[in-house]
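In case you want the letters, here they are:
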Amino acid sequence: MQEEIFPLVDEQGNVIGQATRSQCHSGSKLLHPVIHLHVFNEAGKLYMQKRSATKDIQPNKWDSSVGGHIDLNETPQQAALREAGEEIGLKDLTIHYIDKYIIETDRERELTYCFYTKTNQIPKVDMKEVSDGRFWDISEISQQLGKNIFTPNFELDFGHFLSKGFNHLNNTK
């Protein structure tokens, strides 16, 4: 199977080149775009997925509802909807843009486009991508921060805009 090719972007999100997945995850710090989609249910609980043990970045950690790389010639919105279908089986979602910001770790640098949605659909995890998934109360997440349970990227999103819950997000649109 051929290795995935990611777009490389500048800090505003303009495509300036391309590189392979392994190049982007090698410590090169090549800036590439990703999406995080945060899925809330009617009760205001946040769905989280547990990353598969086979993931090359942050295996076995709880993470955003949906996360993934943006493909070449794909918009962030298209990527969020595609990944929602692939990872947790959700279709026909109305998504709302929250923010974009750069997340840098020891291995990579990502321009992260963040979205949220509210749905009555029940997520169905793809066990190749995800090892578990469930809805969490915001207070339950708050109590587990900093305990190496969540990915650092999720904890950044939580601190930036998720910690006040769905109603706060919905009122800031």
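Our subject is the structure listed above.
Note that the coordinates shown come from a computational prediction; the quantities given were computed from them, not determined experimentally. (Residues numbered from 1 in each chain as written. Predicted model: local features only at pLDDT ≥ 70, side-chain atom pairs only at ≥ 80, totals over all residues. Heavy atoms only, no water.)

With respect to the side chain of Asn 41
Move 1: Its place among the elements puts Asn 41 in the loop between strand E3 (31-40) and strand E4 (46-51).
Move 2: Classification of Asn 41 as buried rests on a relative accessible area of 15%.
Move 3: A distance of 2.9 Å separates a polar side-chain atom of Asn 41 from the backbone nitrogen of Lys 45.
Move 4: Ignoring any residue separated from it by four or fewer positions in sequence, one finds Asn 41 in contact with Lys 118, Thr 119 and Phe 135. (Helix = DSSP H or I, 4+ residues; strand = E, 2+ residues; numbered from the N terminus. Buried < 20%, exposed > 50% of the residue type's maximum accessible area, 1.4 Å probe, protein only. Polar contact = N/O pair within 3.5 Å; in protein donor to acceptor, adjacent residues only side chain to side chain. Contact = heavy atoms within 4.5 Å.)

Points about the layout of surface pockets
Move 1: Taken as a whole, the largest pocket spans an internal volume of roughly 570 Å³.
Move 2: If you go around the largest pocket, you meet 30 residues; those closest to its centre are Arg 21, Arg 51, Gly 67, Gly 68 and His 69.
Move 3: Secondary-structure elements contributing two or more residues to the lining of the largest pocket are E3, E4, strand E6 (66-69) and helix H2 (76-88).
Move 4: Top element by residues in the lining of the largest pocket is H2. It accounts for four residues.
Move 5: Classifying every residue of the lining of the largest pocket by side-chain character gives four nonpolar, 10 polar and 16 charged. (1 Å grid on protein atoms, 1.4 Å probe; cavity = no way out; pocket = protein on both sides within 12 Å on 5 of 7 lines; lining within 4 Å. Points joined across faces, edges and corners; volume = space filled by probe spheres on them. Nonpolar A, V, L, I, M, F, W, Y, C, P; charged D, E, K, R; others polar.)

Section: helix H4 (residues 152-162)
Given 3.6 residues per turn, any residue in an α-helix points the same way as the ones three and four places further on.
Move 1: For H4, the full list of buried residues reads Asn 153, Phe 154, Asp 157, Phe 158, Phe 161 and Leu 162. Looking down the long axis of H4, one finds its buried residues gathered within 140 degrees of arc, a one-sided arrangement. (Arc of directions from axis to C-beta.)

With respect to unusual backbone geometry
Most of the time, phi is negative for any residue but glycine, and the peptide bond is trans.
Move 1: Of note in the backbone geometry, Lys 29 takes a positive phi value of approximately 65 degrees without being a glycine.
Move 2: Relative to the elements of secondary structure, Lys 29 occurs in the loop between helix H1 (21-24) and E3.
Move 3: Classification of Lys 29 as partly exposed rests on a relative accessible area of 27%.
Move 4: At Asp 92, a residue that is not glycine, the phi angle is positive and equals roughly 55 degrees.
Move 5: Within the element layout of this structure, Asp 92 appears in the loop between H2 and strand E7 (96-104).

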